[in-house]
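Survey of secondary and tertiary structure
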Amino acid sequence: MPHCSDCGSLLDVGYEWDRLPVPSSLREFEARWGLRNSPNDFSGVWRFRELLPFAPEEKIVTIGEGQTILQKSAAVAQYVGIDEKSLFLQYEGLNPSGSFKDNGMTAASTHANMVGAKLAACASTGNTSASLAVFASTARLFDVVVFVGSGKIAYGKLSQALDYGAKTLQIQGDFDDALSQVRDVCKKRGIYLCNSVNPFRLEGQKAIMYRVLEGLGWDVPDWIVVPGGNLGNSSAFGKAFLELKQLGLIDRVPRLAVINAAGANTLYRLYEQQQVKWNAGNFDRNVIEDFYTEMDGENRRARTLATAIEINRPVNLAKCLRALDVCDGVVRQVSDQEILDAKAQVGGGGFGCEPASGASVAGARLLQREGVISKSDRVVCILTGHQLKDPTATVAYHSSDENQTDESLHLAGVEQAPYANQPQVVENDFEKIMDVLHQFG
Ligand SMILES: *Cc1c(COP(=O)(O)O)cnc(C)c1O
């Protein structure tokens, strides 16, 4: 399903806008906010349905996704190094399954419903499976089988797939292996594939940008900063802005910063180091081929504590190049140390996030230090997943000494925990407890 039979590239959803009813102003969507008894209006994705008009209303599968907010955080702004009133955090972890993936999964589930799919599948580093599983368990339109790699999946995520009743296959390999297998299996068995190779998922994820604009009173920010894994999100964001500009609903597009983990930096290497650019669709495929051939030759595998972005071959690479072109984008890489430090700042100054999400804040900080982002720029960091997704990484960080990390972090190359909030061990004794409380002042 997701590939062009002529050129083999991923399919892309296009609309004949001049034959469709498009509102004259984005403000018109706000009127639907109050209609809480109408699920398609309440949804943070489908209340914008004229901007993703591929589904008849009665086929829409919604579970109340997209009730997420744009927040300011003085503490995080200070950490990033920009004005307090200019930094915004978009908490996509507040979705029903705890990650932004629900924005896309409502759209893929809707399309699965349109084509009458009875079985859907995905490969996942954890959040895609959690999202697909909750759509299956609540909508009860199709069964689900999820493929996860062994070992690396965070417990919060695995527990969701199991609890929501998804058939779960732990493939003895990494995410890229699981994805490659699920693609073959779906093709052979006619199973509906819900990875972000599915172009409808990206349609739903455009809504994250509509809500960011809504949160800013329909003003366009200067920067959107997002972690990059399989590059579905960044691709969707670029498409959203391209379309809004074409429709005359915004007058300019923000710049886009996609942040890789240094241990999973395919996009960074190709875009920034090897200068692979969109080039009106004629991007240099040979450079990419050579890159992957070398990667396989050296058996170089992605490795980062931010497991949601631990990806070797981002499937949406081409669409992301288009997004970077539309949004005059930049790509940066940040270390696991920077990711976990930024994550601790988001926790200490806000609602928290999972490691991969910390990459956006770490990336914004890096770009500010480089002078690419200026102190007065309005910057929106996308926090892709909920704080509770990966308690292991969080507890390991906070259990560490400032200069000596927990063994699991140390092994992963994270040497320090400057923002650790260690639990203090106290004897089971009233006076001792009182003594400790005195130290707090
Ligand atoms: C999936 C995921 C990402 C990566 O998003 P892509 O669209 O694959 O680039 C980042 N953070 C979290 C929490 C995720 O679940």
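See above for the structure.
A look at the overall build of the protein chain
- When helices and strands are tallied, the protein chain shows 16 helices and 10 strands.
- Taken over C-alpha atoms, the radius of gyration comes to 21 Å for the protein chain, in line with the 22 Å a tight globule of 441 residues would show.
- Considering only C-alpha atoms, the protein chain reaches an extent of 75 × 45 × 45 Å along its principal axes.
- Split into buried and exposed, the 441 residues of the protein chain put 56% on the buried side.
- Within the protein chain, contacts between residues at least 6 apart in sequence are counted, and of these 71% link residues at least 24 apart.

Observations concerning the sheet that holds strand β10 (residues 379–383)
- The six strands are arranged β1-β2-β10-β7-β8-β9 in an open sheet whose pairing can be described as mixed. Each edge of the open sheet carries a strand with a single partner, namely β1 (70–72) and β9 (330–334). Neighbour-to-neighbour, the strand axes of the sheet open up by a mean angle of 25 degrees, direction not taken into account.
- Bridge count for strand β2 (residues 87–91) against β10 is five bridges, and the pairing is parallel. For L89, the partnering residue across the bridge sits in β10 and is C381.

Digging into the environment of V331
- Looking at the secondary structure, you find V331 in strand β9.
- Sequence separation of V331 and L231 is 100 residues, and the distance between their C-alpha atoms is 12 Å.
- Setting aside anything within four residues of it in sequence, one finds V331 in contact with V258, N260, L267, Y268, Y271, E272 and L324.

Things to note about the packing of aromatic side chains
- What the rule picks out here adds up to nine aromatic pairs.
- Residues Y15 and W17 carry aromatic rings whose centres are separated by 4.9 Å and whose planes lie at 55 degrees to one another, so their mutual orientation is tilted.
- An aromatic cluster is defined as three or more aromatic residues linked by ring pairs; in this entry it consists of F29, F48 and Y210.
- The aromatic ring of Y271 is capped on one face by K277, whose charged end is 4.3 Å from the ring centroid.
- Positioned above the aromatic ring of Y292, the side-chain terminus of R313 is 4.6 Å from the ring centre.

Considerations on the site of the ligand
- Surveying the vicinity of the ligand reveals 15 residues, the closest of which are K101, N127, G229, N230 and T384.
- One nitrogen or oxygen atom from the main chain of L231 is found 2.8 Å from an oxygen atom belonging to the ligand.
- In this structure, G232 approaches the ligand through a main-chain N or O atom, which is 3.0 Å from an oxygen atom.
- Grouping the amino acids of the shell around the ligand by side-chain chemistry returns five nonpolar, eight polar and two charged.

Here we look at helix α5 (residues 155–163)
- Along α5, the residues classified as buried are G156, K157, L158, Q160 and A161.
- Against α4 (127–139), β4 (143–149), β5 (167–171) and α14 (391–398) lie the buried residues of α5.
- The positive-phi residue at the C-terminal boundary of α5 is G165, with phi of around 85 degrees.

A short note on the pattern of salt bridges
- All told, the structure shown has 25 salt bridges when counted by the stated rule.
- Between E92 and R211 there is a salt bridge; the shortest N-O distance is 2.9 Å. Linking E92 in the loop between β2 and α3 (101–114) with R211 in helix α7 (residues 199–215), this pair joins segments that are 119 residues apart in sequence.
- Residue E92 is classed as buried on the basis of its relative accessible area, which comes to 0%.
- The class of R211 is buried, set by a relative accessible area of 4%.
- With a shortest N-O distance of 2.7 Å, K206 and E203 are connected by a salt bridge. With K206 and E203 both in helix α7, this residue pair falls three residues apart, about one helical turn. In terms of burial, K206 and E203 fall into one category: buried.

Comments concerning the nonpolar core
- Residues L26, M209, I224, F237, L256, V258 and L267 are the most contacted members of the largest nonpolar core, which totals 78 residues.
- Looking at this core element by element, the count peaks at eight residues for α7.
- Those residues in contact with V258 that lie beyond four places of it in its chain are V226, P227, G228, L231, S234, L267, C320, L324, V330, V331 and R332.
- With 32 residues, the next largest nonpolar core counts A77, I82, C381 and L383 among its residues.

A short note on the sheet that holds strand β3 (residues 119–124)
- With respect to topology, four strands assemble into an open sheet ordered β5-β4-β3-β6, the strand pairing being parallel. Edge positions in the open sheet fall to β5 and β6 (192–193), since each of these has one partner strand only.
- Bridge analysis of β4 against β5 gives five bridges, and the strand direction is parallel. Bridging from a neighbouring strand, G149 pairs with I171 of β5.

Remarks on helix α13 (residues 355–369)
- Between its first and last C-alpha atoms α13 spans 21 Å; for 15 residues at 1.5 Å apiece the expected length is 21 Å, and the two agree.
- Burial analysis of α13 places 12 of its 15 residues in the buried class, the great majority of the element.
- The set of residues buried in α13 consists of P355, A356, S357, G358, A359, S360, V361, A362, G363, A364, L367 and Q368.
- Phi turns positive one or two residues past the end of α13, at G371, with a value near 85 degrees.

Remarks on the packing of α3 against α7
- Running from N to C, α3 and α7 point in directions that differ by 140 degrees, and their axes come no closer than 7 Å. Taken together, the axes of α3 and α7 are oblique relative to one another. Judged by the twist between their axes, the crossing of α3 over α7 is right-handed. Residues K101, N103, G104, M105, A107, A108 and H111 of α3 lie in contact with α7, whose contacting residues are F200, R201, G204, Q205, I208 and R211.

Parameters and conventions
Each chain carries its own residue numbering, running from 1 in the written order of its sequence. In keeping with the model being predicted, local features are shown solely for residues with a pLDDT of at least 70 and side-chain atom pairs are shown and tallied solely at 80 or more, while totals for entire chains, interfaces and linings include all residues. Each side-chain value is derived from all of the structure's non-hydrogen atoms; neither hydrogens nor water enter the calculation. Helical segments are the DSSP runs of H or I of at least four residues, strand segments are the runs of E of at least two, and each set is numbered from the N terminus. Only C-alpha atoms enter the radius of gyration; for comparison, a globular chain is expected to reach 2.2 Å times N to the power 0.38, where N is the number of residues. The classification of residues rests on relative accessible area computed with a 1.4 Å probe and restricted to protein chains. Under 20% of the type maximum is buried, over 50% is exposed, and intermediate values are partly exposed. Two residues form a contact once any of their heavy atoms are found within 4.5 Å. Any two strands are treated as partners once DSSP identifies two or more bridges connecting them. An axis is simply a line fitted to the C-alpha atoms; with a helix, the fit covers only the stretch in contact. Between two such axes, the angle follows the N-to-C directions and lies from 0 to 180 degrees. Working definition: rings of Phe, Tyr and Trp (its six-membered ring) pair if their centres are within 6.5 Å, and the pair is stacked with planes under 30 degrees apart, edge-to-face with planes over 60 apart, and tilted otherwise. Sitting over a ring, as applied to charges here, requires NZ of Lys or CZ of Arg to be within 6 Å of the ring centre and within 35 degrees of the ring normal. The criterion for a residue being near a molecule or strand is simple. One of its heavy atoms has to lie within 4 Å of it. In protein, a polar contact requires one atom able to donate a hydrogen and another able to accept it; more generally it is a pair of N or O atoms within 3.5 Å, and residues adjacent in sequence count only if both atoms are side-chain atoms. Under the grouping applied here, Gly and all other residues not named as nonpolar or charged are polar, the nonpolar ones being Ala, Val, Leu, Ile, Met, Phe, Trp, Tyr, Cys and Pro and the charged ones Asp, Glu, Lys and Arg. By definition here, a salt bridge exists when the distance from a side-chain nitrogen of Lys or Arg to a carboxyl oxygen of Asp or Glu is within 4 Å. As used in this record, nonpolar core signifies buried Ala, Val, Leu, Ile, Met, Phe, Trp, Tyr and Cys residues forming a set joined through side-chain atoms within 4.5 Å. Multiplying one less than the number of residues by 1.5 Å gives the expected span of a helix. We call two directions roughly parallel when the angle between them is under 35 degrees, roughly antiparallel when it is over 145, roughly perpendicular when it lies between 65 and 115, and oblique otherwise. Two helices that cross are described as forming a left-handed crossing if the nearer one is turned anticlockwise from the farther one by less than a right angle, and a right-handed crossing if clockwise.

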